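Okay, here's what each chain looks like letter by letter:
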Amino acid sequence: MAATHIALLRGINVGKAKRVAMADLRALVEELGYEDARTLLNSGNVVFRVRAAAKGDPAARIEKALPGRFGIEARVIGLTVRELRGLARKNPLAKTASDPSRLLVAVLRRAADRKLLDAIAREDWSPDALAFGPRAAFLWCPNGQLESPLAEAVQRALGDAVTIRNATTIAKLLALAEGP
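Residues numbered from 1 in each chain as written. Predicted model: local features only at pLDDT ≥ 70, side-chain atom pairs only at ≥ 80, totals over all residues. Heavy atoms only, no water.

(A) Broad picture of unusual backbone geometry. Note the cis peptide between Ser126 and Pro127, where omega equals 10°. Take Pro127: it is sitting in the loop between α4 (118-121) and β6 (129-133). Of note in the backbone geometry, Asp36 takes a positive phi value of approximately 50° without being a glycine. Relative to the elements of secondary structure, Asp36 occurs in strand β2 (residues 35-39). When its relative accessible area of 36% is taken as the criterion, Asp36 is described as partly exposed. (Helix = DSSP H or I, 4+ residues; strand = E, 2+ residues; numbered from the N terminus. Buried < 20%, exposed > 50% of the residue type's maximum accessible area, 1.4 Å probe, protein only.)

(B) View of the sheet that holds strand β4 (residues 76-80). Pairing is antiparallel in the open sheet, where 4 strands are placed in the order β2-β3-β1-β4. Only two strands of the sheet have a single neighbouring strand rather than two, namely β2 and β4. Mean inter-strand twist for the sheet, computed between neighbouring axes without regard to direction, equals 25°. Here strand β1 (residues 2-9) pairs with strand β3 (residues 45-51) via 7 bridges, running antiparallel. Among the inter-strand pairings, Leu8 is bridged to a residue of β3, identified as Asn45. Set on the sheet, helix α3 (residues 81-89) makes contact with β1 and β4; between it and β4 the angle comes to about 90°. Across the sheet, helix α6 (residues 167-178) is in contact with β1, β2 and β3; its angle to β3 comes to roughly 30°. (Pairing = 2+ DSSP bridges. Axes fitted to C-alpha atoms, helices over the stretch in contact; angles between N-to-C directions. Contact = heavy atoms within 4.5 Å.)

(C) Quick peek at the environment of Ala167. On the secondary structure map, Ala167 appears in helix α6. Judged by its relative accessible area of 17%, Ala167 is buried. The residues touching Ala167, leaving out its near neighbours within four places in the chain, are Pro100 and Leu103.

(D) Quick look at the sheet that holds strand β8 (residues 162-166). Strand order across the open sheet formed by 4 strands is β6-β7-β5-β8, with antiparallel pairing between neighbours. Single-partner strands in this sheet number two, and they are β6 and β8. Strand-to-strand twist across the sheet, computed as the mean angle between neighbouring axes with direction ignored, equals 25°. In terms of strand pairing, β6 meets strand β7 (residues 136-140) through 5 bridges, oriented antiparallel. Residue pairing in the sheet places Ala129 in a bridge with Trp140 of β7.

(E) Representation of the packing of helix α1 (residues 22-31) against helix α2 (residues 58-70) within the structure. Two numbers describe how α1 lies on α2: the axes approach to 11 Å, and their chain directions differ by 125°. Between α1 and α2, the interaxial angle falls into the category oblique. At the point where α1 passes α2, the crossing takes the right-handed sense. Residue-level inspection shows Asp24, Leu25, Ala27, Leu28, Val29 and Glu31 of α1 in contact with α2, the latter providing Ile62, Ala65, Leu66, Arg69 and Phe70. Taken together, the residues of the contact of α1 with α2 break down into 8 nonpolar, no polar and 3 charged. (Parallel < 35°, antiparallel > 145°, perpendicular 65-115°, else oblique. Left-handed = near helix turned anticlockwise from the far one by under 90°. Nonpolar A, V, L, I, M, F, W, Y, C, P; charged D, E, K, R; others polar.)

So, in structure tokens, the structure goes:
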């Protein structure tokens, strides 16, 4: 039996330095032995199936293969479809946010990285808001991510231990992962 996984590639197709064609990314994932690789637009997000007998962490394997194949390095944060579903459905700021494109999900590389945000959590970021889940920080940025001192502080505190997607992208990834 195969389980659906999602790999979020940090910084891929943002700017000019780390451009990867999604067809090439899908091919790489399938060459690593995973099945049914699908990407969401040109986003650096890939959904794929992992056989139960597969060995190793899929995200780590993809991350390790990137430099040899594309000549770039990028953090890859992996989720199971169950984890992605939890992020989408248990977002504590979902009722606060009026625009899903400004409701951000900062997916942590490891749940333990959450402690790096303790000092940030004690500050008042109004009108922005911050909440936490087991492996994510949720940011409501009503003025947008680029204008948000909270989003900047989270990025600075976590560095490459986080990748941020908005709630719209999370919903689209979930639909892709749960679809046929």
